[in-house]
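# Inside the fold
Now for the letters of each chain:
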Amino acid sequence: MERTFVMIKPDGVQRNLVGNIIACFEKKGLKIVGLKMMRIPRDLAEKHYGEHKDKPFFGPLVEYITSGPVVAMVLEGKDAVTTVREMMGATNPLKAAPGTIRATYGMDIGRNVVHGSDSPASAGREINLFFSPEELVDYRRDVDRWIYE
Ligand code: UDP
């Protein structure tokens, strides 16, 4: 099983989409192994989006992601990284495939509601940035035998 880092961005929280977005992942069969609401300090935002530091949208992106509380989570499941990316849809919500979270809830690339790690390596890095090992919970889910063959 693979783990990925997912975050409901400040616009998702302000727009009361926390429950809906978590429900999408839960109903799919992904297991929540870490979950918290937090404000992202500026230095963490800059580290998290470090790969974009030379892009023109970096400043506004850091402003956006630190502008209000977020809900950070770690989800576990088969091919969790790719599965979450596909459920989120393309970065620009107007280009995202119908039915994806960004297509359903978003209009603008700079307000795209949700983040998900783009590779297993990013997932490992982002999980470590946002969660301490004690915040991640190992538990058995009885329903797994109805989700996985
Ligand atoms: N972003 C933006 N303008 C752009 C490209 C990206 O505001 O032209 C923001 C957007 O919130 C996006 C984040 O920067 O989710 C990270 O960009 P990336 O290309 O890594 O997209 P993602 O992996 O989030 O789909």
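Reading the values: the criteria
- Residues numbered from 1 in each chain as written.
- Predicted model: local features only at pLDDT ≥ 70, side-chain atom pairs only at ≥ 80, totals over all residues.
- Heavy atoms only, no water.
- UniProt positions renumbered as here; feature names shortened; annotations may be inferred.
- Phe/Tyr/Trp six-rings, centres within 6.5 Å; stacked < 30°, edge-to-face > 60°.
- Helix = DSSP H or I, 4+ residues; strand = E, 2+ residues; numbered from the N terminus.
- Axes fitted to C-alpha atoms, helices over the stretch in contact; angles between N-to-C directions.
- Parallel < 35°, antiparallel > 145°, perpendicular 65-115°, else oblique.
- Left-handed = near helix turned anticlockwise from the far one by under 90°.
- Contact = heavy atoms within 4.5 Å.
- Nonpolar A, V, L, I, M, F, W, Y, C, P; charged D, E, K, R; others polar.
- Near = heavy atom within 4 Å.
- Polar contact = N/O pair within 3.5 Å; in protein donor to acceptor, adjacent residues only side chain to side chain.
- Areas by Shrake-Rupley, 256 points an atom, 1.4 Å probe, with all protein chains shown as cover.
- 1 Å grid on protein atoms, 1.4 Å probe; cavity = no way out; pocket = protein on both sides within 12 Å on 5 of 7 lines; lining within 4 Å.
- Sits in = over half its atoms within 2 Å of the grid points.
- Buried < 20%, exposed > 50% of the residue type's maximum accessible area, 1.4 Å probe, protein only.
- Lys, Arg positive; Asp, Glu negative; His and termini not counted.
- Salt bridge = Lys/Arg side-chain N within 4 Å of Asp/Glu carboxyl O.

Where an unreviewed UniProt entry is consulted, the protein chain appears under the name Nucleoside diphosphate kinase, with the organism given as Desulfofundulus thermosubterraneus DSM 16057. UniProt, in its Sequence similarities (unreviewed entry) section for the protein chain, records the words "Belongs to the NDK family." In its Subunit (unreviewed entry) section, UniProt records this for the protein chain: "Homotetramer."

Under the definition given, this model contains two aromatic pairs. For the ring pair phenylalanine 5 and phenylalanine 131, a centre distance of 6.4 Å and an interplane angle of 70° mean the geometry is edge-to-face. With a gap of 126 residues between them, phenylalanine 5 in strand β1 (residues 2-8) and phenylalanine 131 in the loop between α7 (120-130) and α8 (144-147) connect regions that are remote in the sequence. Of the aromatic side chains, those joined through ring pairs into one cluster are Phe5, Phe130 and Phe131.

It is worth spelling out the packing of helix α2 (residues 18-28) against helix α5 (residues 80-88) at this point. Relative to each other, α2 and α5 sit at 130°, their axes nearing to 12 Å. As far as their axial angle goes, α5 and α2 are oblique. In terms of crossing hand, the pair formed by α2 and α5 is right-handed. Residues Cys24, Phe25 and Lys28 of α2 touch α5, and the partners they reach there are Thr83, Val84 and Met87. Class assignment for the residues of the contact of α2 with α5 results in four nonpolar, one polar and one charged.

As a further point, take the site of the ligand. Taken together, the neighbourhood of the ligand is formed by Lys9, Tyr49, His52, Phe57, Leu61, Arg85, Thr91, Arg102, Ile109, Gly110 and Asn112. At 2.9 Å, a side-chain N or O of histidine 52 approaches an oxygen atom of the ligand. Within the side chain of threonine 91, one N or O atom sits 2.6 Å away from an oxygen atom of the ligand. Within the complex, 80% of the 500 Å² of free accessible area of the ligand lies under protein. Taken atom by atom, the bulk of the ligand overlaps the largest pocket. For the shell around the ligand, the class distribution of residues is four nonpolar, four polar and three charged.

As for its position among the elements, glutamate 134 is in the loop between α7 and α8. Distance from glutamate 134 to glycine 34, taken between C-alpha atoms, is 9.6 Å for residues 100 residues apart in sequence.

A word on the side chain of arginine 102. Inspection of the secondary structure puts arginine 102 in helix α6 (residues 101-105). One buried charged residue, arginine 102, remains without a salt bridge, the closest side chain of opposite sign being aspartate 11 at 8.5 Å. Of note is the side chain of arginine 102, whose polar atom sits 3.2 Å from the backbone oxygen of glycine 89. Excluding its chain neighbours within four sequence positions, the residues that come into contact with arginine 102 are Lys9, Met88, Gly89, Ala90, Thr91, Pro93, Ala96, Asn112, Val114 and His115.

Feature annotation in UniProt assigns "binding site: ATP" (unreviewed entry) to the following positions: Lys9, Phe57, Arg85, Thr91, Arg102 and Asn112. Narrowing the list just given to those that line the largest pocket leaves Lys9, Phe57, Arg85, Thr91, Arg102 and Asn112. Relative to the assigned elements, phenylalanine 57 resides in the loop between α3 (42-48) and α4 (58-65). Overall, the relative accessible area of 39% leaves phenylalanine 57 in the partly exposed class. With respect to the secondary-structure elements, threonine 91 resides in the loop between α5 and α6. Excluding residues within four positions of it along the chain, threonine 91 makes contact with Arg102, Ile109 and Asn112.

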